[in-house]
Amino acid sequence: MQNDTLVRIPANAWEQLRDLYRQDWPRHEIAYNNVQNYIRWVERDPPISATLIVYSLNGSWRQNGTYIIIDHTDVFMYTLDHTGDTLKRMLLLLDWHHSYLMNMCPYRAIVLDVYRLHRLEIAFDSADVIYHLPQQVARHFRYDLPVGLTLKRIPPHYASFIYNQWLNKSVGTEYFIERMLRLNVSMGLFCEGVREPLAWCIRTQNGALGLLGVVAQRKGYGSLVIKAIARRLAEQGYSTYASVRHTNVASRKLFEKLGFRIAGEASWLKNMKSTFDGSELRKVIKA
């Protein structure tokens with residue numbers, strides 16, 4: 001491993017990388033959607049590529065599809081290497097003097113091992129359940145809207161409002177919300193005469209639903225926006241995924257009531273910045 005290096009995958013190869021995840025469909029659908037999302041984003045907004053990095057190990061991504069995407073401080077990772085060795089070798093090479101948020105990561109044990117080797121403190125840790133709803137089911141969703149309520153895409157200028165309702169605020173989050181509202185599918189429930197949405201949901205970078213929120217509980221607003229965005233995604237040819245915290249019993253019951261089924265587990269992990277000199281880690285990398 002002493003010659004390992006992180007090599008960027010050029011944008012003109014992203015479609016080939018994406019298509020490696022077509023195998024055993026829909027097992028790797030999230031990994032596929034993740035790459036497709038950034039292909040589409042860069043096509044629509046080319047300056048995004050200036051702060052977007054897609055890494056492989058030694059340029060060997062064609063062998064097992066292993067990639068790490070760094071989007072500012074957001075990190076996404078997937079691999080077809082069942083041993084996880086390629087991914088771990090890549091994570092060991094990241095510049096851990098930065099703090100990264102590992103988004104919906106299905107490789108919790110590997111990441112935590114790398115944290116240990118780097119002596120990184122955990123700033124945020126959420127163990128989540130991944131829910132899945134096939135597009136064939138979502139296409140048949142029906143719902144009745146009370147008088148005065150409408151469902152529609154959320155304009156980007158509501159990013160500040162949604163950010164202020166969110167519990168997990170951090171530097172730069174409002175920018176990420178604005179960008180997703182501008183470039184991805186979203187759904188908001190609006191009331192005539194009320195400026196702000198009553199409920200909202202946004203499709204995130206890897207295709208999963210995120211930032212689900214309501215201003216009033218027990219009115220069925222959450223169910224309405226989930227049904228509406230799932231049906232919209234189905235019309236575009238996508239199944240629907242969601243990441244829900246293990247301990248969020250109310251949200252889990254909501255998704256299960258709507259027909260979502262558990263497809264796996266994932267973690268959201270964020271590290272504190274590294275403060276050590278790296279001598280121990282260098283020994284590990286050279287081993």
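Residues numbered from 1 in each chain as written. Predicted model: local features only at pLDDT ≥ 70, side-chain atom pairs only at ≥ 80, totals over all residues. Heavy atoms only, no water.

*Asks:* What is the right way to look at the overall build of the protein in this model?
*Replies:* If you tally the helices and strands in the protein, you get 11 helices and 12 strands. What you see for the protein is a C-alpha radius of gyration of 20 Å, in line with the 19 Å of a compact globule of 287 residues. Across its three principal axes, the protein shows a C-alpha extent of roughly 65 × 40 × 35 Å. For the protein, with 287 residues in total, the buried portion stands at 52%. A sequence separation of at least 24 residues applies to 72% of the contacts in the protein between residues at least 6 apart. Working note: accessible area of the protein is about 14,200 Å², and carbon and sulfur atoms make up 51% of it. (Helix = DSSP H or I, 4+ residues; strand = E, 2+ residues; numbered from the N terminus. Rg over C-alpha atoms; globule rule 2.2 N^0.38 Å. Buried < 20%, exposed > 50% of the residue type's maximum accessible area, 1.4 Å probe, protein only. Contact = heavy atoms within 4.5 Å. Areas by Shrake-Rupley, 256 points an atom, 1.4 Å probe, with all protein chains shown as cover.)

*Asks:* I would appreciate a short explanation of the pattern of salt bridges in the present structure.
*Replies:* Should their charged atoms come close, side chains of opposite charge can pair. For the structure shown, the criterion picks out 12 salt bridges. Close ionic contact of R179 with D71 constitutes a salt bridge, the shortest N to O distance being 2.6 Å. With a gap of 108 residues between them, R179 in helix 8 (residues 173-183) and D71 in strand 3 (residues 67-71) connect regions that are remote in the sequence. You can call D71 buried: its relative accessible area is 0%. The closest approach of N and O atoms between D113 and R116, which form a salt bridge, is 2.7 Å. Separated by three residues within a single helix, D113 and R116 lie in helix 5 (residues 108-118), roughly one turn from each other. The network of salt bridges with common partners includes D4, D85 and R89. (Salt bridge = Lys/Arg side-chain N within 4 Å of Asp/Glu carboxyl O.)

*Asks:* Got a minute to help me understand the side chain of K227 in this structure?
*Replies:* Along the chain, K227 turns up in helix 9 (residues 221-235). Despite its burial, K227 pairs with no opposite charge; the closest candidate is D144, at 8.4 Å N-O. Here R142 takes part through its backbone oxygen, which lies 3.4 Å from a polar atom of the side chain of K227. Not counting chain neighbours up to four residues away, the residues in contact with K227 comprise F141, R142, Y143 and L258. (Lys, Arg positive; Asp, Glu negative; His and termini not counted. Polar contact = N/O pair within 3.5 Å; in protein donor to acceptor, adjacent residues only side chain to side chain.)

*Asks:* It is not clear to me how the pairing of strand 9 (residues 199-203) should be interpreted in this structure. Could you clarify?
*Replies:* Within a regular strand, side chains alternate between the sheet's two faces. Across the five residues of strand 9, five count as buried, placing the element largely inside the fold. Side chains A199, C201 and R203 project from strand 9 onto one buried face, and the interleaved W200 and I202 project onto a second face that is buried too. Relative to strand 9, strand 8 (residues 186-191) is paired through four bridges, and the arrangement is antiparallel. Its bridge partner lying in strand 9, G188 is registered against W200. Where strand 9 hands over to strand 10 (residues 208-214), the hairpin turn is made up of four residues, of which G207 adopts a positive phi near 90°. (Pairing = 2+ DSSP bridges.)

*Asks:* In this structure, what is going on with the environment of L211? I would like to understand it.
*Replies:* Mapping L211 onto the fold places it in strand 10. Given a relative accessible area of 15%, L211 falls into the buried group. In sequence terms L211 and R245 are 34 residues apart; their C-alpha atoms lie 12 Å from each other. When near neighbours in sequence (up to four residues on either side) are disregarded, L211 contacts W166, I177, M180, W200, C201 and I202.

*Asks:* Would you take a moment to explain unusual backbone geometry for this structure?
*Replies:* For residues besides glycine, phi is generally negative; the peptide bonds are generally trans as well. In this structure, the amide linkage connecting W25 to the following residue, P26, adopts the cis form with an omega of 10°. Structurally, P26 is set in the loop between helix 1 (14-19) and helix 2 (29-44). Positive phi is not limited to glycine here, since R119 has a value of about 55°. For R119, the position within the fold is in the loop between helix 5 and strand 6 (122-133). By relative accessible area, R119 is classed as exposed at 52%. Residues other than glycine seldom take positive phi values, yet R218 does so here, at roughly 60°.

Don't take any of this as a statement about function, it's just geometry.
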